[in-house]
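Survey of secondary and tertiary structure
If you want the building blocks of each chain, they are given just below.
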Amino acid sequence: MSLNSQPPAGETTVLLSQNQNQNHSQNHNHNHNQNHSHSHSHSHSRRSRRKGSSSSLGLRLVYAVAALAGIAVLAMAGMTLWGDHDWDPLPDADGTRLNSSSVGRFVHITDLHIDPNYVRGSTTYSQCHRLPAHSTRVSDKDGHRDTGRFGISQAKCDSPVALINATSEHLRQEWASAVDFVIWTGDSGRHDNDAEIPRTFGEIIEQNRLAASAMRSAFSSHGVPVVPNIGNNDISPHNELAAPGHKRARKTFRLLADVWDGLVPKDQLATFLYGGYFARDVVDYNYSHNYNYKSSASGRKRRGLTVLSLNTIYWYRANAKVGGCAAEDSPGLAQLAWIRYQMRRARQRNRDLILMGHVVPSRDNYRPTCYHGYARTVTQMVPPPPTRSAAESTADSMGKRADPDDLPRVHAQLYGHSNVDIWAFVGHEVEWLASTDPLGAARNLSTSTGGPAAPDSDGRLWWEKEVDEETGRFGSMIREIWTASTPSEELASLADSERDWALMPDDPPVEYVQTPAGLFPVPIPVSSETSFSSSFLAQKALPGDFVESLLKEFERVLVKAPKQPRLGVTTISPSIIPKYVPAFRVFYYARAPSRRQWKHLPLGSLLDYDVYWANLPELNKLGKRVETSEFFQLLYRFSTAYRVGDLSVESYLHWARKLLEKKSLRKRFRALTYLNTQ
C-alpha cells in the first residue's frame, strides 16, 4: 500500500509499499545484542564509501558549509562561551567519546503531522492544499512561497508524504542497526486548520496507520522496539478526549490499538484500551564487561529500562472533556496512580524508567492539580545527587526512607508537541508539592493564612496510600485492569461511562505566585456569568517569548536548587513537521558499566544527544535526485554546543547558571531552540 493513495501530480510514493507484507509484530523483551562500538561510526563510513551522485555531493557540500559556519560562530565566541569552565575540555566531536560498547542509543521522533492533501507549488495561505489562481509566481506577501516537494519551513503547512517517506527511509538506512529502541511521541494526524477540507476521525486513524507503517518500515526489520504515544491531534476533535468508558474514548483507544498492533505489548492491552497509556520493556543492560555492577543496597543487578507511554491529554488544560486531578474518579488522577503503581512494579522487577508523552509537563500546559500530582510523583523517583550520602536520602515512593541506589530511577522525561528543541526543569516547587491539598494551599494563601496544607503523618496522599496498599478504587484498578493479561468485556466496569464531565467542578483558574513560603497557585476571581472551566481553558496560550519565559524559570530553579534534593529535567525534541526545520534527536545512554567519563553515573543515565536536521530549501531543489541517506545531517551535539559532560541534572543546572550569566550563551540558546541554522 502506498502512503498516499492519491498523490499530487508528479508525486509517487514507494517506500511504505516495500514492506507491505512484513510481520509487524515485535518482541516484547527486546535484547539488542549488537556491538554499538561500531554502529554509528560505520553508519558514517558507509556514507563515505557510498558512490554518491553529483547531486548528493552538492548536498553534502551545502551541509558542510552550514556546519563550518556554525563552527566559526562557536569559535568566535569560544572565550565567552567556555573560557571559564571548571572541568577538563571534552574530546573532539568525532564520536570517539561515545563510540563505545558501553554506550547505547535511541531515537526520539515526534510530530509527523502527515498531510496527504499537501500540493507541491500551492499557496501557504491555503495550508499548502491549493494552487494559486494564476499561473505566475508572486511575492511572499501573496502567500506563495516555494512549497516544494518535501515541504516548507515556517508556514502553517503540515508534512507532505514525500517528507515522511524520505524520513522513514533515512532512518532505516542510517539508524535501524545503530539504536536500541525508538521513542515516538505522537501527533501523526494533520492539523484541522483548513475549513475547505475539514479533518475527519477516520482520516486521523488512517494517518496514524500510515505513520505506524513508516516506523515499521524503518525499524521493525531490525527488531527495534518502537514505543508510540497519543498526541492532541491524534484524537477528534483535537485536544478533546473523553474519560475512559465514554464511547468516543473506547473507540479511539480500540482503533489506535489496531493501528499500533505489535507496538503495544499484549499484557498492556487492557490498560491501553482503558486509558490510552501503557508500559513497555525496551532494553536490558549489558553486564558482559569485567564488572560486577550491583545495586549497593539490594545486591541485585538492575536489569534494564522500561518506558511508560503516558496519555498527557488527560492532564492537558485544553481538554474540556475532563476536569482536574482532584476528584476520586478523575481519569487524570487514575493515570497518576498508574504511574505510581508502575514505579512500585519497577522496584520489584529491578527496572529503571523513561517517561514519554506528547504535551510537556508545565504549569502552563497542565491543570494545577495534575501538574502537582505529576511533579510530585516523578520527583519522588528521581535520585538525589551522587554527592549525597545514603543517610541524607529523602523519602521514597512508599513513604519511608531508603537508600537512593535501591530506587528505580526516572532517567528521562521525553516530550514533543511544541516543535522546539528545548529542555526544562520539573519539581522545584518544593513546598507546594509537599502539600496534600494543592488547591487547598492556594485557598489558604488567598485568605492570608499562608502555607500549604499539613501533610499526613507519613507524607502520602490518600490515593498514594490506595496504590501502595492496593485498597479502594485504585486497588480494584490494579487487580481488574492494570494487571489484566487480556482485555475483558467488563473492562469499562470501573469507568464512568457516558458521564457528563461538564458537571464536574474543574480546577479553578489560577496564577502562580512566589511567596516567602514558596511558589503556590492562587485562584483568580471568576465572574458568576463565567464558568470555572471556560475561564481556565482561556489561559492556555503560551507566553509570547517562550525562551525568555524559560530563562525566568531557570532563575527561579537556581534559587531553589540548593534546597531541592530531587529535581527532574524534561526535554522537548524538535519535530518532523517543518514548523522550523524537520529534525529529530539521537540520545546516548549508559547501557553497560564503564570506567570512562561517566563512571559516576548509574546505568541508564543519559549521556548526550545529537540533533539531526533536514535542509528543506536545498532538498527541494534536488527533488527526486536526493539520496535519502543524506537527507538528515548533524546540526549539533549537546555536549560540544553547551560544553557539558553528560545529561545529569547537575550538568543542566550548571549550564542554566552559565546561561543566565552570559548574554552570548543566551543568544546561542535561543538560536538552537528554534533550530536556527543561520
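Here is what the cut-offs are and how they apply
- Residues numbered from 1 in each chain as written.
- Predicted model: local features only at pLDDT ≥ 70, side-chain atom pairs only at ≥ 80, totals over all residues.
- Heavy atoms only, no water.
- Helix = DSSP H or I, 4+ residues; strand = E, 2+ residues; numbered from the N terminus.
- Buried < 20%, exposed > 50% of the residue type's maximum accessible area, 1.4 Å probe, protein only.
- Contact = heavy atoms within 4.5 Å.
- Areas by Shrake-Rupley, 256 points an atom, 1.4 Å probe, with all protein chains shown as cover.
- Pairing = 2+ DSSP bridges.
- Expected span 1.5 Å × (residues − 1).
- Arc of directions from axis to C-beta.
- pLDDT = per-residue confidence, 0-100.
- Polar contact = N/O pair within 3.5 Å; in protein donor to acceptor, adjacent residues only side chain to side chain.
- Disulfide = S-S within 2.5 Å.
- Phe/Tyr/Trp six-rings, centres within 6.5 Å; stacked < 30°, edge-to-face > 60°.
- Lys NZ or Arg CZ within 6 Å of the ring centre and 35° of its normal.
- Core = buried A, V, L, I, M, F, W, Y, C linked by side-chain atoms within 4.5 Å.
- Axes fitted to C-alpha atoms, helices over the stretch in contact; angles between N-to-C directions.
- Parallel < 35°, antiparallel > 145°, perpendicular 65-115°, else oblique.
- Left-handed = near helix turned anticlockwise from the far one by under 90°.
- Nonpolar A, V, L, I, M, F, W, Y, C, P; charged D, E, K, R; others polar.
- Salt bridge = Lys/Arg side-chain N within 4 Å of Asp/Glu carboxyl O.

With that settled, the discussion passes to the overall build of the protein. Of the regular secondary structure elements, the protein holds 19 helices and 14 strands. Across the 678 residues of the protein, 60% fall into the buried class. In the protein, the share of contacts with a sequence separation of at least 24, taken over all contacts with a separation of at least 6, comes to 78%. Accessible area for the protein stands at about 26400 Å²; split by element, carbon and sulfur atoms hold 51% of it.

This part is about the pairing of strand β12 (residues 583-590). With 8 of its 8 residues buried, β12 lies for the most part within the structure. Of the two faces of β12, both are covered, the one formed by Ala583, Arg585, Phe587 and Tyr589 as well as the one formed by Phe584, Val586, Tyr588 and Ala590. Note that strand β1 (residues 103-109) and β12 share 6 bridges and pair antiparallel. Its bridge partner being in β12, histidine 108 is matched across the sheet by arginine 585.

What follows covers helix α6 (residues 247-259). Note that an α-helix has 3.6 residues per turn; residues three or four places apart therefore point the same way. With 13 residues, α6 should cover 18 Å at 1.5 Å per step; its first-to-last C-alpha distance of 18 Å lies within 8% of that length. Within the span of α6, buried status applies to Ala249, Thr252, Phe253, Leu256, Ala257 and Val259. End-on, the buried residues of α6 take up no more than an arc of 160 degrees, which puts them together on one face.

Another point: the confidence of the model for the protein. For the protein, mean pLDDT is 77; residues scoring 70 or higher make up 68% of the total. For residues 528-543, every residue scores under 50 in pLDDT, and the model assigns this stretch 32 contacts once sequence neighbours within four places are set aside.

Another point: helix α8 (residues 331-349). With 19 residues, α8 extends 26 Å from end C-alpha to end C-alpha; this agrees with the ideal 27 Å at 1.5 Å per step. Extensive coverage of α8 is indicated by the burial of 16 of its 19 residues. The backbone nitrogen of glycine 332 has a side-chain oxygen 3.2 Å away, supplied by the residue at the start of α8, namely serine 330. Asparagine 350, located one to two residues past α8, shows a positive phi value of around 60 degrees.

Attention shifts here to the state of the cysteines. In protein structure, a disulfide is the covalent linkage between the sulfur atoms of two cysteines. Considering all chains together, one arrives at 2 disulfides under this definition. Residue pairing for cysteine 325: its cysteine sulfur links by disulfide to cysteine 370, the two sulfurs lying 2.1 Å apart. On the S-S bond that ties cysteine 325 to cysteine 370, the torsion sits near 90 degrees, and the link is right-handed. Linking cysteine 325 in the loop between β5 (304-309) and α8 with cysteine 370 in helix α9 (residues 368-379), this pair joins segments that are 45 residues apart in sequence. Look at cysteine 370 and you get buried, because its relative accessible area is 0%. Each bonded cysteine of the protein gets a number by its place in the sequence, and the pairs then read 1-2, 3-4.

Now for the packing of aromatic side chains. In this structure the tally under the stated criterion is 36 aromatic pairs. A cation over an aromatic ring shows up here: arginine 363 above the ring of tyrosine 512, its NZ or CZ 5.2 Å from the ring centre. Sitting over the face of the ring of tyrosine 609, arginine 585 holds its NZ or CZ atom 4.0 Å from the ring centroid.

Judged by nonpolar contacts, the single largest core of 158 residues is most densely connected at Trp184, Trp260, Trp423, Phe425, Trp482 and Phe669. If we skip the residues at most four places from it in the chain, tryptophan 482 touches Thr271, Tyr277, Ala334, Ala337, Trp338, Tyr341, Phe474 and Met477. Membership of the second largest hydrophobic core comes to 5 residues, among which are Tyr118, Cys128, Ile152 and Ala155.

Packing of helix α15 (residues 546-560) against helix α18 (residues 649-661) leaves a shortest axis separation of 10 Å and a crossing angle of 120 degrees. Classified by the angle their axes make, α15 and α18 are oblique. The hand of the α15/α18 crossing is left-handed. Contacts between α15 and α18 involve Leu551, Phe554, Glu555, Val557 and Leu558 from the former and Leu653, Ala656, Arg657, Leu659 and Leu660 from the latter. Looking at the contact of α15 with α18, its residues break down into 8 nonpolar, no polar and 2 charged.

Let us now look at the pairing of strand β11 (residues 568-572). Of all 5 residues in β11, 5 are buried; the element is thus mostly enclosed. Every second residue of β11 is oriented toward a common face, with Gly568, Thr570 and Ile572 on one face and Val569 and Thr571 on the other, all of them buried. Pairing analysis gives 3 bridges linking strand β7 (residues 410-415) to β11, with the strands arranged parallel. Bridged to leucine 414 within β11 is threonine 571. Note that strand β8 (residues 422-426) and β11 share 5 bridges and pair antiparallel. Residue pairing in the sheet places valine 426 in a bridge with glycine 568 of β11.

Going from serine 236 to proline 237, the amide bond is cis rather than trans, its omega being -10 degrees. With respect to the helices, strands and loops of the structure, proline 237 is situated in the loop between β3 (226-227) and α6. One non-glycine residue, aspartate 111, adopts positive backbone phi at about 55 degrees. Even without a glycine there, the phi angle at glutamate 470 is positive, about 55 degrees. Within the secondary structure, glutamate 470 is located in the loop between α12 (462-469) and α13 (472-482).

Our focus in this paragraph is the pattern of salt bridges. Tallying each qualifying case throughout the model produces 24 salt bridges. Taken together, the salt bridges that share partners define one network made up of Arg340, Arg376, Arg460, Glu464, Asp468 and Glu469.

Glancing now at the sheet that holds strand β14 (residues 633-637). One open sheet holds the 6 strands; their spatial order is β3-β2-β1-β12-β13-β14, and the pairing between them is mixed. Every other strand in the sheet has two partners, leaving β3 and β14 as the edge strands with one partner each. In this structure, β1 lies alongside strand β2 (residues 181-184), joined through 4 bridges in parallel fashion. Looking at the pairing, histidine 108 lines up with isoleucine 183 of β2.

Let's shift gears to the packing of α8 against α13. Contact geometry for α8 and α13: axes closest at 11 Å, N-to-C directions at 75 degrees. Between α8 and α13, the crossing angle belongs to the class labelled roughly perpendicular. Where α8 approaches α13, its residues Leu333, Ala334, Ala337, Trp338 and Tyr341 are matched on the opposing element by Phe474, Met477, Ile478 and Trp482. Taken together, the residues that form the contact of α8 with α13 break down as 9 nonpolar, no polar and no charged.

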